Amino acid sequence: MTFTDAAEAPSGRTSMIKLHTAEDYEGMRKAGRLAAECLDMLCAHMQPGVLTEDLDRMAREFMLDNGSTPACLYYRGYPKTLCISANHVVCHGIPGEKVLKDGDIVNIDVTLILDGWHGDTSRMFAIGNVKRRARRLIDITYEALQRGIAVVRPGAHLGDIGHAIQSYAENERCAVVRDFCGHGLGRVFHDAPNVLHYGQPGTGVELKEGMFFTIEPMLNLGKPAVKILSDGWTAVTRDRSLSAQFEHSIGITANGAEVFTASPAGLHNPTQPDAI
């Protein structure tokens, strides 16, 4: 896989990995912060009885009111602003008439476009009184994301990220979903490279300063296999075990990783009792 200066790359997704400038980092900081602020705004509404369609409407209004546009809305035919995935839904759950119930665990995935840059992030939420094993899954998934980010630096490899996530998750008796991965992003929603959440250290593309991509591990309490429902989007665990996901957009710096989508309110893992 080859690298190219982002300013010289063709528009749209390519097989080349884009390397970005200091000005590009500033654009991603603004987009990432706004995406995180959207999730922060939703935290107060994540209660039993809330309609997922209402959460979607609130997020869409927030994005438009703040000068951005929803990236997911009509993307490849997707009908909503958010992806809202509860319990055994792994990802790409479509908001609608579903009401969140006491004991649910829910992932909300936000992607917006601000001044041409994509902010892409997701978090887990615990609705009401959640069982201990579900909270444990959420916390393990959050820690897996942090371990993946911690190994990012120039000279490391994509396989180091996957290994950090996989080794920790499997040691905690959780399965890593193989069917979905992180991805490059910037002015393009899904770009090169693919960022797997499993792998061997020292393998894969070497990381370089200027790369932008997401890390977004999905962990299951049961087996890793998933299936897509008849709507063509919603992915669920085949064994109906619980699933959890966290996602950040990052840029590689000279010394490590800059997280563009950190929560301004400190609600990085809002299931923690002291996070709200």
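Computed from a predicted structure; not experimentally measured.

Draft legend 1. Structural detail: the overall build of the protein chain. For the protein chain, the helix and strand inventory stands at four helices and 17 strands. Its C-alpha atoms give the protein chain a radius of gyration of 17 Å, within 12% of the compact-globule value 19 Å for 276 residues. Projected onto the principal axes, the alpha-carbon positions of the protein chain cover approximately 50 × 45 × 40 Å. Counting every position in the protein chain, which comprises 276 residues, the buried fraction comes to 56%. Here the contacts in the protein chain between residues at least 6 apart in sequence split such that 69% fall between residues at least 24 apart.

Draft legend 2. Main features of the nonpolar core. In this structure, Ile105, Val152, Ile161, Leu207, Phe213, Ile215 and Leu219 are the most contacted members of the largest nonpolar core, which totals 36 residues. Contributing elements (two or more residues each) for this core: strand S2 (17-19), strand S7 (117-126), helix H3 (132-150), helix H4 (158-171), strand S10 (191-195), strand S11 (212-215) and strand S16 (248-252). Ranked by the residues each element gives to this core, the list is headed by H3, at eight residues. Sequence-distant contacts of phenylalanine 213, that is, excluding residues within four places in its chain, are made with Val152, Ile161, His183, Gly184, Leu185, Val195, Leu207, His248, Ser249, Ile250 and Ile252. Membership of the second largest hydrophobic core comes to 32 residues, among which are Met46, Leu100, Phe125 and Ile127.

Draft legend 3. Local environment of H4. With 14 residues, H4 extends 20 Å from end C-alpha to end C-alpha; this agrees with the ideal 20 Å at 1.5 Å per step. Of all 14 residues in H4, 10 are buried, a share of seventy percent or more. Those residues of H4 that are buried are in contact with H3, strand S8 (175-176), S10, S11 and strand S12 (218-220). Immediately beyond the C-terminal end of H4, within one or two residues, lies arginine 173, with a positive phi of roughly 65 degrees.

Criteria and thresholds
- Residues numbered from 1 in each chain as written.
- Predicted model: local features only at pLDDT ≥ 70, side-chain atom pairs only at ≥ 80, totals over all residues.
- Heavy atoms only, no water.
- Helix = DSSP H or I, 4+ residues; strand = E, 2+ residues; numbered from the N terminus.
- Rg over C-alpha atoms; globule rule 2.2 N^0.38 Å.
- Buried < 20%, exposed > 50% of the residue type's maximum accessible area, 1.4 Å probe, protein only.
- Contact = heavy atoms within 4.5 Å.
- Core = buried A, V, L, I, M, F, W, Y, C linked by side-chain atoms within 4.5 Å.
- Expected span 1.5 Å × (residues − 1).

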